[in-house]
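Commentary on secondary and tertiary structure
Here is what each chain is made of, one letter per residue.
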Amino acid sequence: MCTYIEIDQVPETYAVVLSRPAWLWGAEMGANEHGVCIGNEAVWGREDVCNEEALLGMDLVRLGLERADTAEKALNVIVDLLEKYGQGGNCTEGRMQFSYHNSFLIADKKEAWILETAGKFWAAEKIQEGIRNISNQLSITTKIDREHPDLRKYAKQKGWWDGKKEFDFAATYSYLDTARMMTSPGRYCEGYKLLNKHKGNITFETMMKILRDKPSGINMEGEFLTTASMVSVLPPDLSLPCIHFFTGTPDPERSIFKPFIFVPHISQLLDTSSPTFDLEDQVKKKPHFKPDRRHPLYQNHQQAWEAILKNEEKAKAMVDIMKKMEKALFQEMDSILQNKHLDMDRMTNLFPQCTKDEIEIYKSNVNS
């Protein structure tokens, strides 16, 4: 059972780690045991969004991770499910209706794909070098490596494309002037500029710095604040492990990126698992009932920042402690990548222990 609909199960699924809104089944981003990573963004265009319950883009993220051991296989899983079940339904909990199409960034150790959708139609671009980002707009233009078989036919039927000029997916399926796409203000352009600034010398710390950037709009504030962040290291060397850093808390500038590595017998991530509720009994029967879905880390993070926000000295002291913890974790992960050695006892409890250490930082600042 996905968020709204039930789909056919497959014989084999893979272990996944997910960063997701607690109320739904899918995920905004995540990784699997084979080093496949997927993240998604909301996009809109000429094609109407579907409010009827189908698969959410976030369901497709999780399904791609559970069912594929390479990036391209994950793309295949997503487009096949899109064709069979469609995408649609409310993408927020509560009465407000908020629906959209989806774009996906899909990567593994060898390559990456950008997959962008409009209803059941889609285009995909293969990335093997350089930099690439997605945001809340279609961004695939004329470099289309794979596409829905009726993508161009449908565009001609709708009068969006005359069939003569070069086919530009973003220009055809949205209202973008793609000639100005890289110079116009907005998160997509600003994100590209930040990546391009460090092109050829991008580390996981570079990526975290970009995700923490507020002037660009990458680190969002207000109603649609950045609720969680993720950075993955996918070494081409198959003998090296993939390392996935998650915050699990809002605003990466006020959060710690904690490493997760897939190993056998890994400890449960209890402090970052949200409580579950019987929706039929509580939320649906009591329309105004809003459950507290915050997991322990989220609760302690929020309480600490609320307690010290107006105390500049305390806030700086806590950030210094957080940065010290994060730096030590980065050094430990760098050592793993350089020395190719994993302490399995440490790795089985790595993320849970990091989370407990972070919670202690928040508790000590609230109580001091």
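What comes next concerns the included structure.

The rules we used
Residues numbered from 1 in each chain as written. Predicted model: local features only at pLDDT ≥ 70, side-chain atom pairs only at ≥ 80, totals over all residues. Heavy atoms only, no water. Pairing = 2+ DSSP bridges. Helix = DSSP H or I, 4+ residues; strand = E, 2+ residues; numbered from the N terminus. Phe/Tyr/Trp six-rings, centres within 6.5 Å; stacked < 30°, edge-to-face > 60°. Buried < 20%, exposed > 50% of the residue type's maximum accessible area, 1.4 Å probe, protein only. Lys NZ or Arg CZ within 6 Å of the ring centre and 35° of its normal. Axes fitted to C-alpha atoms, helices over the stretch in contact; angles between N-to-C directions. Parallel < 35°, antiparallel > 145°, perpendicular 65-115°, else oblique. Left-handed = near helix turned anticlockwise from the far one by under 90°. Contact = heavy atoms within 4.5 Å. Nonpolar A, V, L, I, M, F, W, Y, C, P; charged D, E, K, R; others polar.

Attention now goes to the sheet that holds strand β2 (residues 29-32). Overall, antiparallel pairing links the seven strands, which are arranged β1-β2-β3-β4-β5-β6-β7 in an open sheet. One side of each edge strand has no neighbouring strand; the edge strands of this open sheet are β1 (16-19) and β7 (146-147). Pairing between strand β4 (residues 101-107) and strand β5 (residues 112-118): five bridges, direction antiparallel. The partner of Ala107 across the bridge, within β5, is Ala112.

What follows covers the packing of aromatic side chains. According to the stated counting rule, one finds 16 aromatic pairs in the structure shown. Measuring from centroid to centroid gives 4.2 Å for Phe121 and Tyr154, while their planes differ by 20°, and the two rings are stacked. With Phe121 in strand β6 (residues 121-127) and Tyr154 in helix α3 (residues 151-157), the pair connects residues that are 33 residues apart, well separated along the chain. With respect to burial, Phe121 and Tyr154 carry one shared label: buried. Pairing Phe204 with Phe330 gives two aromatic rings, centres 5.2 Å apart and planes at 75°, and the pair type is edge-to-face. Of this pair, Phe204 sits in helix α6 (residues 204-211) while Phe330 sits in helix α8 (residues 312-339), and the two are 126 residues apart along the sequence. The pair Phe204 / Phe330 is uniform in exposure class, with both members buried. An aromatic cluster is built from Phe121, Tyr154, Trp160, Phe169 and Tyr173, whose rings are joined through pairwise contacts. In this arrangement the basic side chain of Arg62 is found over the ring face of Trp25, its NZ or CZ atom lying 4.2 Å from the centre. Between the NZ or CZ atom of Arg254 and the centre of the ring of Trp305, over which it lies, the distance is 4.8 Å.

This part takes up the packing of helix α7 (residues 296-308) against helix α10 (residues 350-367). Axis separation between α7 and α10 bottoms out at 9 Å; the angle between their running directions is 30°. Put simply, α7 runs roughly parallel to α10. Note on packing geometry: the crossing formed by α7 with α10 is left-handed. Where α7 abuts α10, its residues Pro296, Leu297, Asn300, His301, Gln303, Ala304, Trp305, Ala307 and Ile308 lie against Thr355, Glu358, Ile359, Tyr362, Lys363, Asn365 and Val366. When grouped by side-chain class, the residues that make up the contact of α7 with α10 number nine nonpolar, five polar and two charged.

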